[in-house]
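# An overview of the molecular structure
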Amino acid sequence: MAVMTAPNTALRAVRTGMRMSQDDFARALQAAGHRVGEPNDANKRLVQRWESGAIAAPRPVYARALEVVTGLPISLLGFAAVPDGQVADDEHGGHDLTSPTSSLATPTPTSRPASTYRSYEGVWLSRYQYFSSGREESFAGQHFVVVLQHGDRLTVRSLPGSATSSLSLDLTVDGAVITGTWVEQTDPAGYYRGARYHGAIQLLAEPTGRRMAGKWVGFGKDMDVNTGPWELVFQDASTSKATLDRYNTPAT
């Protein structure tokens, strides 16, 4: 039987801050699992058990999905550490976590040969340039972002205090080539009035591993396709709360 702990207020605060219901959050976790090749059976009941403290720590498959969805390291999501040699609480009583048809609907992923990837995890400074047709001027967008890595997948999320807009990127590493998608939610009080923009991005990682540079492509305000330079510059390998707090300031 799982030992009851205090409610996980940190996870609940992150979820509500993302304006997601428990159902929405569970669906996002399932979608994240499929994106990274690790399907999971997250559902509303599982999210409730995490937030109530009935489950003190998630299994690795859920921990990775939580990091992808929230953009935060699992250590900042309010879960207790699992001692070496022990399993997480949600590995017991799995009948509570899945639907009757989940074993039929979700194929078990086949094992893949282990690969070694350069680590890009940590805090980076993201900078991109764009041309505003309405103002006939070029501008730069800057954010401090947290990069989390699972194999060849990078999840990038901006720190909320680093800019008035929020930024997310989902990237795949293939040698020195890093490819993926980006989404930016603009400032509701700014020029673009809270508009949501998205597109594709491709970067080349320098041999030092301390800078990625390339191009973005996306649609503009007038529904034309635009492009421009984008770079990420390494700042710190730590993703501790103290480090994130230090970089949660306007990027310059």
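Please read all numbers here as calculations on a predicted model, not as lab measurements.

### Observations concerning the overall build of the protein chain
Within the protein chain, the secondary structure is distributed over 6 helices and 8 strands. In the protein chain, the order of α-helices and β-strands from amino to carboxyl end is α-α-α-α-α-β-β-β-β-β-β-β-β-α. Here the protein chain, with 252 residues, has 39% of them falling under the buried criterion. Counted over contacts in the protein chain with a minimum sequence separation of 6, partners at least 24 positions apart contribute 51%. When the accessible surface of the protein chain is totalled, it reaches about 13,500 Å², and 54% of it is carbon and sulfur.

### Overview of the side chain of arginine 15
Turning to its location among the elements, arginine 15 is positioned in helix α1 (residues 9–17). Looking at arginine 15, its side chain comes within polar contact range of the side chain of glutamate 51, at 2.5 Å. Excluding residues within four positions of it along the chain, arginine 15 makes contact with Met20, Ser21, Gln22, Phe25, Val47 and Glu51.

### Here we look at α1
Every buried residue of α1 is listed here: Leu11, Val14 and Arg15. All buried residues of α1 lie within an arc of 95° about the axis, which places them on one face of the element. Exposed and facing more than 90 degrees away from the buried side of α1 are Thr9 and Gly17. The opening residue of α1, the one whose side-chain oxygen lies 3.3 Å from the backbone nitrogen of alanine 10, is asparagine 8. Looking one or two places after α1, you find arginine 19, whose phi comes out positive at around 60°.

Rules behind the numbers
- Residues numbered from 1 in each chain as written.
- Predicted model: local features only at pLDDT ≥ 70, side-chain atom pairs only at ≥ 80, totals over all residues.
- Heavy atoms only, no water.
- Helix = DSSP H or I, 4+ residues; strand = E, 2+ residues; numbered from the N terminus.
- Buried < 20%, exposed > 50% of the residue type's maximum accessible area, 1.4 Å probe, protein only.
- Contact = heavy atoms within 4.5 Å.
- Areas by Shrake-Rupley, 256 points an atom, 1.4 Å probe, with all protein chains shown as cover.
- Polar contact = N/O pair within 3.5 Å; in protein donor to acceptor, adjacent residues only side chain to side chain.
- Arc of directions from axis to C-beta.

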